[in-house]
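What follows is each chain in one-letter form.
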Amino acid sequence: QIRPLLFQNQAGEATAIVEQDLLAVPSRILPYQPLGDLIIRAPSTGEVSGYQRSLNLTTGIAVVQYQQGGVQFRREYWSSVPDDVIVVSLFADRANQINLELELTRERDAETLVEASDAAGLRLDGRLMSRYANDATPVPSTRFVGRLRALPQGGRLYAAGKKLIIEKATAV
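Taken in spatial order, the 4 strands line up as β2-β3-β4-β5 in an open sheet, and their pairing is antiparallel. Both edges of this open sheet fall to β2 (48-55) and β5 (85-92), since each of them pairs with a single strand only. Recorded for the sheet is a direction-independent mean angle of 10° between the axes of neighbouring strands. Examined bridge by bridge, strand β4 (residues 71-80) and β5 share 8 bridges and lie antiparallel to one another. Within β5, the residue paired with S79 across the bridge is I86.

Let us now look at the environment of P152. Mapping P152 onto the fold places it in the loop between β9 (139-149) and β10 (156-160). Spatially, the C-alpha atom of P152 lies 7.5 Å from that of T170, the residues being 18 residues apart in sequence. In this structure, P152 is in contact with L157, I166, A169, A171 and V172, ignoring residues within four places of it in sequence.

Core analysis: the largest hydrophobic core is formed by 18 residues, its most contacted members being I98, L100, L102, I166 and V172. Broken down by element, this core gets its largest block of residues, 4 residues, from strand β6 (residues 98-105). Aside from chain neighbours lying at most four places away, what touches L102 is I39, I40, L122, L148, A150, K163, L164 and I166.

This brings us to the environment of V63. Inspection of the secondary structure assignment puts V63 in strand β3 (residues 62-68). By relative accessible area, which is 10% here, V63 ends up buried. Once the C-alpha coordinates of V63 and W78 are considered, the two residues, 15 residues apart in sequence, prove to be 9.1 Å apart. With near-sequence residues (within four places) excluded, V63 lies in contact with Q52, R53, S54, R74, R75 and E76.

So, on to the side chain of R123. Among the structural elements, R123 can be located in strand β8 (residues 121-130). Overall, the relative accessible area of 19% leaves R123 in the buried class. Among the polar contacts made by the side chain of R123, one reaches the side chain of E115 at a distance of 3.4 Å. Polar side-chain contacts of R123 include one of 3.0 Å to the side chain of D125. Residues in contact with R123, not counting those within four places in the same chain, are E111, T112, L113, E115, V145, G146 and R147.

The rules behind these values
Residues numbered from 1 in each chain as written. Predicted model: local features only at pLDDT ≥ 70, side-chain atom pairs only at ≥ 80, totals over all residues. Heavy atoms only, no water. Pairing = 2+ DSSP bridges. Helix = DSSP H or I, 4+ residues; strand = E, 2+ residues; numbered from the N terminus. Axes fitted to C-alpha atoms, helices over the stretch in contact; angles between N-to-C directions. Contact = heavy atoms within 4.5 Å. Core = buried A, V, L, I, M, F, W, Y, C linked by side-chain atoms within 4.5 Å. Buried < 20%, exposed > 50% of the residue type's maximum accessible area, 1.4 Å probe, protein only. Polar contact = N/O pair within 3.5 Å; in protein donor to acceptor, adjacent residues only side chain to side chain.

Right, here's the structure in full:
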């Protein structure tokens, strides 16, 4: 129905059908909403040089590398749909050089907790709050969970508040 209306220059009618039959209800629940944000904070140890980004189209691995404070750092990013994971790996060419603060956040509808059974993890627990039709009060909707697990090589890992702290690791 929509395509013929568009070819007949009846965009208003086509838009009405799209809004009625194709969009999520409520429209605030979009089909590809971000789960949350992974915040990686590293202390500044001098100027950055040799900054490069690349993407291997065969493997799907995105790489960022740079030098800072005499250390070569490398970050690799990839995902696996069958395993339901996004992986961020961090490397330093010298031992004990990775110091990070990790945080898992979302703008609304969620809370970050340190995993009770695993001090190496954070859990983002949430439930969308939606408004239907003319309701004045939001109602609970879709539940979701996101998990962060840090696996440092060397160094120390601990939770501080709702963050994970990694000190003096060689890789994560």
